[in-house]
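Spelled out from the first residue to the last, the chains are:
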Amino acid sequence: MRSAGLLLLIAGLLAWARLGYGAITEVHEPGTCAMYKNCGKKSFFGAQLPCPYNGPAATPDPGMRATLVDICGAEWAETNVCCDADQLENLRGNLKKAETLISSCPACQANFVEFFCSFSCSPNQSQFINITSLGTATSGSDIVTELDYFVDDLLAEKFYNSCKDVKFSATNGYVMDLIGGGATNYKEFLKFLGDEKPLLGGSPFQINFPWGETPDEIDRLEFDAKNCASQDVRYRCACVDCPGACPSLPPAKEQFQCHIGALPCFSLAVILLYALMLIVFVLVYKSIIQFNRGPFYKPERLRLLQENGGASEDEEEGDIVETSELVERELAKTYKLHSILQSKFTTLGLFCAQFPGLVIGLSLLFVGIMSLGWFHFTIETNPVRLWVSPQSETYLQKQFYDEQFGPFYRAEQAFLVNEDGPVLTYDTLKWWFEVESNITAITSPVYGTTFDDICLKPTGEACVVQSITQYFAGDIDNVDVDGWKDQIAVCTANPVDCLPPFQQPLKPSMVLGGVDGEDYVNAHAIIISWVANNDEEGSDHVQRAMDWETVLEAYLLEVQEQAASRGLRLSFNTEISLEKELNKSTNTDATIVVVSYIFMFIYASMALGKLSWKSGRRSLIESKFTLGLFGIIIVLLSVSASIGLFSIIGVPVTLIIAEVIPFLVLAVGVDNIFLLSHELELVNQEYPNEPVEHRVARTVGKMGPSILLSASCEFIAFALGSAVAMPAVRNFAIYAAGAVFVDAILQMTMFVSALTLDQLRVEDNRVDCLPLLKLQLRPAATSSSTVITKESELVRWIRTKYAPAILKKEAKAIILMVFCGACALSLALIPKIQLGLDQRIAVPSESFLVNYFDDLYDYFDSGPPVYFVTTESNVTTRAGQKALCGRFSTCNEYSLLNILEQERKRPESSYISEPAASWIDDFFHWLNPQLDECCRFKKGSTDEMCSPFARDWQCDVCYANKDPAWNITMNGLPEGEEFLKFFSFWIDSPSDPCPLGGKAPYSNAIVPDYERVTINASSFRTSHTPLRSQDDFINAFASAKEIAKTASRETGVEIFPYSVFYIFFDQYDSIFRLTTTLIVAALAAILAISSLLLGSISSGIIVTVTVGMIVIDIMGVMVVWGISLNAVSLVNLVICVGIGVEFCSHLARAFMVPNKDVLDLSRSRMKGNDERVWAALVSVGGSVLSGITLTKLIGVIVLAFTRSKIFEIYYFRMWLSLVIIAALHGLMLLPVALSYFGGEGYTLEEFTIGPENTSRRYRALFEEPESVESETDEEEEQGP
């Protein structure tokens, strides 16, 4: 420890030995002393104490006079003194120790010198010093043991103010913490100086500073205390050390947030706009009703029309009823593109139906070839390469930092916590010393690595271990069994006196947490950090480090049990722990995802077959289990083909792709399976005498354009995402677009062939899953060939109940108002969306890292370090030096250090909490010849440095005879090659005995270029305030960038901020803009494609607006359900666009091109757009509801059982919201909107495929044979 160095400074300054004897101070007059010379010690190990002397001041000899002037200044050139030569030399030595800390602020240094010169040598000493207690020295002489030192209040305040803000770069702290015990006012400052602390290196006797009333005989000490903001350059301190000398920065830019009361202006505007639109809508609606019931009311005509059988029960009086002929004329026109698409898809369907084996074989070959890319399959788990674009500024800055200074350190950290009381006891300390010793000794199994092999060694010898044990040099023998609390109190108050072996002072907040004020002895948590060197990913060093970290993790898990037996709790994290726990979470998620897919498959198979126990054994034939399985296989094949294709190209797979793409493609694929199957049933009944191949071709001809519409919208929407710079989102978009594209192709070819084979199986009475088994069953009863012959209960419910209900006029108005209201509410909530992804969510809920992250937020009261990096700044020139420095009077007003210091004073906006460690200032102050323990050459040499503890007679102080001399104005300080010469000496200098040595704090912070005579890069270290939330991290990053931008502009030097967490929060700088761009671009693509393929701009707009409202509502749910916006939720929002299209496009096309047979059923009840909406719901509504809605709902509900918090929040919650919201919009809002604003419909031309072939007729399944056996024949045994 260095208590003999710094803390004895107080003793040396306040207790000088005096010669002579006398009574306690009685005379208080000018020219009279109170003490003089040394008289002895209290004990053998004590310091020399002054003897009382109340006599006249002495006249020094010429030699002593010269020494006095050299130490105390020219004003002492002619005065008598109350000190002798020995005392003066002691004063010189102790002031030099203080100058190491305060020399950067000339005013503080001048006041410090004058204060102690007056105390020690003033000829008027008795006027302001009164001895109150004497003792007896070991020699038997009287010695002073207590006195009163009367100091003027204003002087004391000026003295304190001149020193209170002086910084100590080595600790990023304040000198006042070292010389004043962290005093917050002048009384505390002087009290700390005067309190008797002989064993701790403080004052050897008690010095009291009385305040208030002054005795008549006393004249308080006064002198002209220097102001740190003085205009005199001899005393003016730098901005870093004196707020009054700082320039005024413009006010911090605050993000403008308009609020009216508690509501954001945007939210209030949306609410008011909706309210206004609602009022207008209600008034217009009522006006129309009144208008229809006004002068144009014609009951006779209405009755006539009703007698003609025309009106719907839902029609208002005055409605005009369209007859069948009117509707026919409305649908008489055709859309050429529809006809072309129908023709092409019919041809495609016919080919696939006629050659199923060939098509399936070619499809499998196609998928197989594409899947060869799996040999190049790679999974990207590196979060940097996942979430940050290689072209982003933050990524490039990280690369620069890693190249110049090396990758940021590997950190292993642990918290030893006692939640019920103080964690520190001697037994706990002793046990933890043993734990740390074991950790240092453990050896990894593969490489035989120890911590010493991989640790950071700033001095080249000792490893960096930030722990309370390092206050004792990591040795339990240095801990006093009875006085350990006092030892810790001293070290936490003055870290520079308890330097660890790696020579960098340990801030108490780095090693102790849960502290009430400054009471570190009673802290609730011990914080331990092991710092290891890092290297490029995959390097030998990293492999060795990971090998050792694996053993460390296993050992700390054992220590957790030991801690629990002591009533303590240990939490920890190693560099490899987070990735390992994330992989565990992924494995858990994979199981849940597979189970989810199995449930969806089972449901899809059952729903496709419309199984009913009433069908008896016929259900074995009508089952669609095999067809459903085939559909699932196609989904998997499309995903496999997409992964294979893009793996060849070199696009890595991410965990998001692995978990989300199958869900997305299944959502799309299942819906198409239901649509094709349902349409085939209708075609079977409409064309019962045609061959199966022709019926399948008609099915594809009718549904192909609808599938093309949805697949095209989804493909383009996802493909647009590939233009995004964020790799995770871009790669997802690429794979999603590819999978959707391949799935659409396979469904229109391979699945169509499978559908044909399945229909042939059904018509041949063969058992599902076992087609070799054929049942001999009695055919069903003859039935008229109407469209509803075999309609399901769901379709019947939609036809008779649901569709008529939502198409009532009152119902439509209510639905429109409710959905618009929900959209308005969601828009109002969007400004409240939180950003970020809490790490505690990303790991499994039972992970040991959860406690670690909790403890990190609760007990670690230090923010992450932040480095302001300069690039290509020629600091060897004076201009370059002034642009960066902060502790010289001629530094630029807006130098980097001055700006950082001013930002530190407004931490609420800058998130900067500590003074910046300035290597340029410490380097120049290291050259100060007054600090004669710092820069020293060997005697007679200017190229070889003295060893740190060489004797003074062996060395010359570097700048002692420099002309011009070292000074605070920087005049004469080194430049060019001389700069780098002294720099090379300084960067290898240790921090003891000179704390300004550069090796420990700066060896990795500067990149000199001796050939080009410049500094390629350097960093200035400070710290953020403690960051407790994702908002804090995001705002701290944004603030640092703004500070660097300001500094670059003011200094002309390129400066950027770097902290290890910045790279992970880069995405939030633009995520709102990126989200908006992606969604708007996708919606624009949907508008263009849907308008083109539907043949109606108005219908295209309705589809696009509906999908947009789905996304907006889900963003509103994100606010309510606590789902933050990040890359994961952004991917899900893109999925929302794609699946939203799936819910809307098929219904929209069925509306634009209605089924004539279904349309005929509504002629007596519906009219206009309502009629076509009703027909669309009857035609495809069942497929949408039973296909995508219920299938995905079942799958999503399974996800609720996941143990992964991130999966539960970002997948279960978002996908459940998506399924429900999209279904409601697709099946309620869209029909209503189409009924109000939908475009005019089209009819399809009758397409002739070829001559009828009745060799296999669908009607035969339902016709009675010529001879029918008894009813019991239904129970015949199955044939071969």
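The model shown is predicted, which means the values in this text are computed figures rather than measured ones. (Residues numbered from 1 in each chain as written. Predicted model: local features only at pLDDT ≥ 70, side-chain atom pairs only at ≥ 80, totals over all residues. Heavy atoms only, no water.)

## A word on the overall build of the protein chain
- Along the backbone of the protein chain there are 44 helices and 22 strands.
- Counting only residues that meet the buried cut, the protein chain has 58% of its 1280 residues in that class.
- Within the protein chain, contacts between residues separated by at least 24 positions form 76% of all contacts whose residues are at least 6 apart in sequence.
- Within the structure as shown, the protein chain displays about 52,200 Å² of accessible surface, and the carbon and sulfur contribution to it stands at 57%. (Helix = DSSP H or I, 4+ residues; strand = E, 2+ residues; numbered from the N terminus. Buried < 20%, exposed > 50% of the residue type's maximum accessible area, 1.4 Å probe, protein only. Contact = heavy atoms within 4.5 Å. Areas by Shrake-Rupley, 256 points an atom, 1.4 Å probe, with all protein chains shown as cover.)

## As for the state of the cysteines
- Applying the stated criterion across every chain yields a total of 13 disulfides.
- Disulfide pairing places Cys105 opposite Cys237 at an S-S distance of 1.9 Å. The sign of the 75° torsion about the S-S bond sets the Cys105-Cys237 disulfide as right-handed. You can see Cys105 sitting in the loop between helix 3 (85-102) and helix 4 (106-121) and its partner Cys237 sitting in the loop between strand 7 (206-208) and strand 8 (259-260), a full 132 residues away along the chain. Cys237 carries the same exposure label as Cys105, and that label is buried.
- The residue that forms a disulfide with Cys885 is Cys891, at a sulfur-sulfur distance of 1.9 Å. Note on the Cys885 and Cys891 pair: the S-S dihedral is about -130°, so by sign convention the disulfide is left-handed. Here Cys885 and Cys891 have matching classes, each one buried. (Disulfide = S-S within 2.5 Å.)

## Observations regarding the packing of helix 12 (residues 336-354) against helix 39 (residues 1071-1094)
- Two elements in contact, helix 12 and helix 39, have axes separated by 8 Å at closest approach and are oriented at 85°. Overall, the two elements helix 12 and helix 39 adopt an arrangement that is roughly perpendicular. Note on element contacts: helix 39 touches helix 12 through Leu1092, Leu1093 and Leu1094, opposite Leu337, His338 and Leu341. (Axes fitted to C-alpha atoms, helices over the stretch in contact; angles between N-to-C directions. Parallel < 35°, antiparallel > 145°, perpendicular 65-115°, else oblique.)

## Thoughts on the pattern of salt bridges
- A full pass over the atoms with the stated rule returns 37 salt bridges.
- Between Asp952 and Arg936 there is a salt bridge, and its shortest N-O distance comes to 3.2 Å. With Asp952 in the loop between strand 18 (936-938) and strand 19 (955-957) and Arg936 in strand 18, this residue pair connects regions lying 16 residues apart in the sequence.
- The exposed category is assigned to Asp952, whose relative accessible area is 58%.
- If you follow the salt bridges from partner to partner, you end up with Asp70, Glu89 and Arg92 in one network. (Salt bridge = Lys/Arg side-chain N within 4 Å of Asp/Glu carboxyl O.)

## Some details on the sheet that holds strand 7
- Here three strands make up an open sheet; going across it, the order is 3-4-7 and the pairing mixed. The open sheet terminates on both sides in strands that have one partner only, identified here as strand 3 (129-136) and strand 7. On average, each strand axis in the sheet is tilted by 25° relative to the strand beside it, whichever way the strands run.
- As defined by bridge partners, strand 4 (residues 142-149) adjoins strand 7 across three bridges and the pair is classed as parallel. Paired with Leu147 across the strands is Ile207, a residue of strand 7. (Pairing = 2+ DSSP bridges.)

## Remarks on the pairing of strand 21 (residues 1014-1023)
- Most of strand 21 sits inside the fold, with ten of its ten residues counted as buried.
- One ladder, built from eight bridges, connects strand 17 (residues 865-873) with strand 21; its direction is antiparallel. Bridge pairing in strand 21 places Pro865 opposite Ser1023.
- Relative to strand 21, strand 20 (residues 1006-1009) runs antiparallel, the two being bridged by four bridges. Its bridge partner lying in strand 21, Asp1009 is registered against Thr1014.
- Taken together, strand 20 and the strand that follows it, strand 21, pair antiparallel across an intervening segment of four residues, in which Val1013 is found at a positive phi of about 55°.

## Digging into helix 20 (residues 540-565)
- Taking 1.5 Å as the rise per residue, helix 20 with 26 residues should run 38 Å; its terminal C-alpha atoms sit 38 Å apart, in good agreement.
- Turning to helix 20, its buried residues number three or more, namely His541, Val542, Ala545, Asp547, Trp548, Glu549, Leu552, Glu553, Tyr555, Leu556, Val559 and Ala563.
- Looking at the residues trailing helix 20, positive phi occurs at Gly567, about 80°. (Expected span 1.5 Å × (residues − 1).)

## Here we look at the sheet that holds strand 22 (residues 1054-1058)
- The four strands lie next to each other as 20-21-17-22, forming an open sheet whose pairing is antiparallel. Two strands lie at the open edges of the sheet, namely strand 20 and strand 22, each paired on one side alone. When the angles between neighbouring strand axes are averaged without regard to direction, this sheet yields 20°.
- Here helix 34 (residues 919-926) sits on the sheet in contact with strand 20 and strand 21, set at roughly 105° to strand 21.

## Things to note about the confidence of the model for the protein chain
- Across the protein chain, the average pLDDT comes to 82, with 86% of residues at or above 70.
- Least confident of the elements in the protein chain is helix 1 (residues 8-14), whose mean pLDDT is 45; most confident is strand 22, at 95.
- Throughout residues 1-23 the model reports pLDDT below 50, and contacts reaching past four residues in sequence, or to other chains, amount to 107 contacts. (pLDDT = per-residue confidence, 0-100.)

## Some words on the packing of aromatic side chains
- This structure, assessed with the given rule, holds 60 aromatic pairs.
- Ring geometry for Phe646 against Tyr735: centres 5.5 Å apart, planes inclined by 70°, an arrangement best described as edge-to-face. With Phe646 in helix 23 (residues 625-649) and Tyr735 in helix 26 (residues 727-763), this residue pair connects regions lying 89 residues apart in the sequence.
- One aromatic cluster is present, built from ring pairs that chain together Phe112, Phe115, Phe116, Phe119, Phe128, Tyr149, Phe159, Tyr160, Phe189 and Phe209.
- In this structure, Lys226 is placed above the aromatic ring of Tyr235, and the distance from its NZ or CZ to the ring centre is 5.1 Å.
- Of note, Lys981 hangs over the ring of Phe982, and the distance from its end group to the ring centre comes to 5.7 Å. (Phe/Tyr/Trp six-rings, centres within 6.5 Å; stacked < 30°, edge-to-face > 60°. Lys NZ or Arg CZ within 6 Å of the ring centre and 35° of its normal.)

## Details of unusual backbone geometry
- Put simply, Asp963 and Pro964 share a cis peptide bond, and its omega is 0°.
- The topology assignment puts Pro964 in the loop between strand 19 and helix 35 (976-986).
- Backbone geometry places Gln503, a non-glycine residue, at a positive phi of 70°.
- Tracing the backbone shows Gln503 in the loop between helix 18 (484-493) and helix 19 (508-511).
- The residue Met970 is not glycine, and still its phi comes out positive at about 75°.
- Here Met970 shows up in the loop between strand 19 and helix 35.

## Examining the side chain of Asn1126
- Looking at the secondary structure, you find Asn1126 in the loop between helix 40 (1097-1120) and helix 41 (1127-1152).
- Since its relative accessible area comes to 1%, Asn1126 is described here as buried.
- There is a polar contact of 3.0 Å between the side chain of Asn1126 and the side chain of Tyr1210.
- When residues no more than four places from it in sequence are discounted, the contact partners of Asn1126 are Gly836, Leu837, Gln1067, Tyr1068, Ile1071 and Tyr1210. (Polar contact = N/O pair within 3.5 Å; in protein donor to acceptor, adjacent residues only side chain to side chain.)

## Observations concerning the nonpolar core
- Within the largest apolar cluster, 232 residues are counted, with the highest numbers of intra-cluster contacts made by Phe732, Trp919 and Trp926.
- Apart from the residues lying within four places of it in its own chain, the contact partners of Trp926 are Cys934, Cys935, Met945, Phe982, Phe985, Trp986, Ser989, Cys994, Leu996 and Gly997.
- Within the second largest apolar cluster, 66 residues are counted, among which are Leu68, Ile71, Leu178 and Leu221. (Core = buried A, V, L, I, M, F, W, Y, C linked by side-chain atoms within 4.5 Å.)

## Some words on the pairing of strand 13 (residues 525-532)
- Extensive coverage of strand 13 is indicated by the burial of eight of its eight residues.
- Side-chain alternation along strand 13 places Ala525, Ile527, Ser529 and Val531 on one buried face and Ile526, Ile528, Trp530 and Ala532 on a second face that is also buried.
- In the sheet, strand 10 (residues 410-417) pairs with strand 13 via eight bridges, with the strands oriented antiparallel. Among the inter-strand pairings, Phe415 is bridged to a residue of strand 13, identified as Ile527.
- As defined by bridge partners, strand 11 (residues 465-466) adjoins strand 13 across two bridges and the pair is classed as antiparallel. Considered in strand 13, the bridge of Val465 is made with Trp530.

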